[in-house]
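Residues per chain are reported as follows:
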There are 2 protein chains.
Amino acid sequence: MNMLTITLDPRAKEPLYEQLYGYIKREIQSGRFPCGGKLPSKRELAAHLQCSRNTIQNAYSQLLSEGYISARARSGYYIAEMDGIIGLKPTAPAEADDAVQSGEAIYNFSYHGVDGESFPYAAWRKITKDVIDEYDPDLLRLGHPQGDFKLRSAIAHYLHQSRGVVCSPRQIVISAGTEFLLQLLIQMFSEDCIYALENPGYEKLSQLLRSSRADYVPVPLDEKGMIPEALIQSGAHAAFITPSHQFPTGCIMPASRRIQLLKWANQGDDRYIIEDDYDSEFKYSGKPIPSLQGLDHGGKVIYIGAFSKSLTPSIRISYMVLPEKLLEVYLQRMTFYICPVPVFEQKALFRFISLGHFERHLNRMRKVYKKKREVLANVIQKLMPGAEIIGANVGLHFLLRIRNGMNEDELIAAARRLGVKVYGLSQYAMGDGPAGQQPLILLGYAAMKEKDLETAAGLLKKAWF
Amino acid sequence: MNMLTITLDPRAKEPLYEQLYGYIKREIQSGRFPCGGKLPSKRELAAHLQCSRNTIQNAYSQLLSEGYISARARSGYYIAEMDGIIGLKPTAPAEADDAVQSGEAIYNFSYHGVDGESFPYAAWRKITKDVIDEYDPDLLRLGHPQGDFKLRSAIAHYLHQSRGVVCSPRQIVISAGTEFLLQLLIQMFSEDCIYALENPGYEKLSQLLRSSRADYVPVPLDEKGMIPEALIQSGAHAAFITPSHQFPTGCIMPASRRIQLLKWANQGDDRYIIEDDYDSEFKYSGKPIPSLQGLDHGGKVIYIGAFSKSLTPSIRISYMVLPEKLLEVYLQRMTFYICPVPVFEQKALFRFISLGHFERHLNRMRKVYKKKREVLANVIQKLMPGAEIIGANVGLHFLLRIRNGMNEDELIAAARRLGVKVYGLSQYAMGDGPAGQQPLILLGYAAMKEKDLETAAGLLKKAWF
């Protein structure tokens, strides 16, 4: 830290040390002095401010006693870690970091997050080190706007093998999160495009479209997914769907419905389907169901995927597969956007996939998550026989229908009082939503331990029955 | 690689091995088989496809001879690196990776890129390894939407010390590139907001605003920067400026003009100034000129910076400082956007800054770039006495006014014929631009070696005089 420059006023009412103490405290509180930063030594600062060393000593002592700074033997004084001390963190953002904010909840059934303990950290660490050790000049250069070609090639191969997606790496655009891919799509589609959203559905979509000033209509679902007649009536041009595992209801779209939706898309030049395949890597029984994109012969499907569920949300790597016609639009108009993923991360992920770690990880996680789902479902069925589990045997969450006379808010509040955070379906519904049904609760189970799933289910039983 | 599944038809005209060869070749060309992937052994594949090993041998031999696959002793057959073989790379995107595409130009005066040789790779490598070794559960969790608090704290401190920016970490939003920060701003501002752009100016701004369907007006400059009267007349609400080092003309906005622009901003509730401080770390003579943001008492300036010039463009970390009123809008409406920078990168950069490496790097680079600028300017003045160097002694590029009777296109083409790529000012100008002047050429010197700067200047002399 550079020298502190403050004019101490010897004629002020406030003693000099208090003036200095107040100044440093304000700087720390405002965050202008960074946590961990070193303060000047007492001797230096006294010389610089032309005051006695006692003044500095008194100011530092006061700051020490209040926890703003800490002393290290034979080293000096340092700004303390601030998080605990001062209220500088912004007011709770809506949902993006609910895992962070729910400090009070002991058990959180958020559908965000993954099983951190099963992350192949050793392999990832080794690859990280290998990539940084093999100095490659590309690590310091701007990469391709669509992302590293080798990584795109590996993703294309994976999608072909595992998800039945038919594509070449040329068609892939890598970005940092689904939101940024959607921004690109919104800019590529016509300004008048109306987006059809599943209702209920992923709540960020409507936020994002609203924020981007795009028009959207909620389209109702039946047990097969988005209802084609309702989609036709909506007047929408682009339908956003989750056919492999509808979020949040958990249904799998059968082939007949997929073909109906493709037919709808093929009936208009400006019609498209955006397929979000967010967690279909984890199917626990029966055959894997290939992507809708694989059925598409008209270039009508944009396939979107990410490594948030399959690896970790902190890596921030997502991708989309553009049909040829949209790829042309992208190449003509959108390549001024630089790929937001650091080159380093792209190289590490390519290596992780090509060495087979990704496939092994998925195979392992399929077992881990299958077990968690079974543990949670079993204990719920045992403790709460009236509760109904809804959703296909896929993914990282299911719904629970509770028939105990409580409404959704009451269920959530009762669970919360016992330290369990659960999520009501209505937060994913637009408009009135499906009326006249018993309330539905969403339980995500990926990030919790098996033991905690059992304990938390016990608490839910206590809260609800 | 999993087993290949193709139905070989013994009754077809084409021999079996050719059917297999054709199939594998098409899969490689389409990119569905990833480069570096391993092919099944001949024995395995023969058993799987129920054909003779000779068939496989013949197909593999053909692929080998054509360079699609390679053989490694005692290991097997692998898909070759594809870049050289097949034309899968997309057609040249406009400008985002001009460094990559200009394969033919031997010397490229692009203003993108940095001096890669001076990057403190050893320190960065050590920090990368330290961060990955100290396993921190946060590395696998979604971070804060505005970015890591410690990194924001370190940035706030740096901006305060080095750029006179007055802010707390609360006000900082970290993102992956200026484009994504601008997307956030466009969504936070009114739909009817008209943006004033410097003319000439950074060409991506108009692309981005057009793509985002936002209205903008070009506003002319004089030697002090954006002309206040023209700004008033433009009817714009938000002015995008580069006061520390105007891009591309290179002028520094004097205090009087800064105050005029702030006055303009203070005359309307919906008026803002977006200050892009893209390369002002590198000032080679005189006192550093603090940011415009530091002069602002009305909460009217959004300060934008990045590590692209000061560290490396491949790291993709940028940030903006929001005034309190806009911060409220951000917190209310925009936190559903997840910070696109991987948590790992944020931790590494925080450590890089807090250990003092960033400051040391900047101090070193200031000397390196100063020297490069001097070398280039001196050799130009010596070889081309008629050429005029334009732009303050700041940053990583300057302009050259050439008076030899050639127009801009002719100058660029003549240089290109000798293997030197230069950039004409008109590509940064909107509308007719300043008429009646001799053509101006932009020369970026950061990424080229001193020796190459001298050689390339010699070639320019040969091309132009």
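Our structure is the block above this text.
A word on the interface of chain B and chain A
Facing 88 residues of chain B, the contacting portion of chain A comprises 89 residues. Between chain B and chain A lies a buried interface of about 7,900 Å² when both sides are counted; carbon and sulfur atoms form 61% of it. Together, B:Leu140, B:Arg213 and B:Phe336 form the three largest contributors to the area buried by chain B at its contact with chain A, with a combined 10%. Where chain B packs against chain A, one counts two salt bridges. Elements with a contribution of two residues or more to the side of chain B that touches chain A: α5 (121-133), α6 (149-163), α7 (178-188), α8 (203-211) and α12 (343-354) of chain B. Counted by class, the side of chain B that touches chain A contains 45 nonpolar, 23 polar and 20 charged residues.

Thoughts on the sheet that holds strand β8 (residues 238-241) of chain A
In sheet architecture, strand pairing relies on hydrogen bonds along the backbone and comes in two forms, parallel and antiparallel. Residues and elements named next belong to chain A. Taken together, eight strands build an open sheet; the order of strands is β4-β11-β10-β9-β8-β5-β6-β7 and the sheet is mixed. Each edge of the sheet is formed by a strand with only one pairing partner; in this case those strands are β4 (172-175) and β7 (225-226). Two elements, β8 and strand β9 (residues 272-276), share four bridges in a ladder whose sense is parallel. Within β9, the position partnered with Ala-239 by the bridge is Ile-273. Sitting on the sheet, helix α7 (residues 178-188) touches β4, β5 (194-199), β8, β9, β10 (301-306) and β11 (318-321), and the angle it makes with β11 is about 35 degrees.

Considering the pairing of strand β2 (residues 76-79) of chain A
Relative to β2(A), strand β1 (residues 69-72) of chain A is paired through four bridges, and the arrangement is antiparallel. Residue pairing in the sheet places A:Arg72 in a bridge with A:Gly76 of β2(A).

Focus on the relation of the copies chain B and chain A
Once chain B has been moved 0.1 Å along the axis and rotated by 179 degrees, it coincides with chain A to within an RMSD of 0.3 Å. Interpreted geometrically, this transformation is the action of a two-fold axis. Taking the C-alpha atom as reference, chain B places B:Lys129 closest to the rotation axis, 2.9 Å from it. Of the residues that chain B buries at the interface, 99% are likewise interface residues in chain A, meaning the two copies contact each other through the same surface.

Details of the packing of α6(B) against α12(B)
Residue and element names in this part refer to chain B. At a closest axis distance of 9 Å, the pairing of α6 and α12 adopts a crossing angle of 35 degrees. Note that α6 runs across α12; the crossing there is left-handed. Seen from α6, the contacting residues are Lys-150, Leu-151 and Ala-154; seen from α12, they are Gln-346, Leu-349, Phe-350 and Ile-353. A breakdown of the residues in the contact of α6 with α12 according to their chemical character gives five nonpolar, one polar and one charged.

Quick word on the nonpolar core
Counting 144 residues, the largest nonpolar core has A:Trp464 and B:Trp464 as its most contacted members. Dropping the residues within four chain positions of it, B:Trp464 is found in contact with B:Met384, B:Leu400, B:Ile402, B:Asn404, B:Met406, B:Leu411, B:Ala414, B:Ala415, B:Val422 and B:Ile441. Grouped together as the second largest cluster of nonpolar side chains are 62 residues, A:Leu197, A:Met320, B:Cys193 and B:Phe240 included.

Considering the sheet that holds strand β16 (residues 440-444) of chain A
Residues and elements named next belong to chain A. Spatial ordering of the open sheet is given by β12-β13-β16-β15, a layout of four strands whose pairing is antiparallel. Each end of this open sheet is capped by a strand with a single partner; those strands are β12 (388-390) and β15 (423-424). By the bridge criterion, two bridges tie β15 to β16 in an arrangement that is antiparallel. Opposite Gly-424, over in β16, you have Ile-441 as the bridge partner. In the packing of helix α13 (residues 357-383) onto the sheet, the strands contacted are β12, β13 (397-401) and β16, and the crossing angle to β13 comes to about 10 degrees. In the packing of helix α14 (residues 408-417) onto the sheet, contacts are made with β15 and β16, and the angle to β16 comes to roughly 40 degrees.

Criteria and cut-off values
- Residues numbered from 1 in each chain as written.
- Chains lettered and ligands numbered in written order.
- Predicted model: local features only at pLDDT ≥ 70, side-chain atom pairs only at ≥ 80, totals over all residues.
- Heavy atoms only, no water.
- Contact = heavy atoms within 4.5 Å.
- Buried area = accessible area lost by both parts, 1.4 Å probe.
- Salt bridge = Lys/Arg side-chain N within 4 Å of Asp/Glu carboxyl O.
- Helix = DSSP H or I, 4+ residues; strand = E, 2+ residues; numbered from the N terminus.
- Nonpolar A, V, L, I, M, F, W, Y, C, P; charged D, E, K, R; others polar.
- Pairing = 2+ DSSP bridges.
- Axes fitted to C-alpha atoms, helices over the stretch in contact; angles between N-to-C directions.
- Least-squares fit on C-alpha atoms with pLDDT ≥ 70 in both.
- Left-handed = near helix turned anticlockwise from the far one by under 90°.
- Core = buried A, V, L, I, M, F, W, Y, C linked by side-chain atoms within 4.5 Å.
- Buried < 20%, exposed > 50% of the residue type's maximum accessible area, 1.4 Å probe, protein only.

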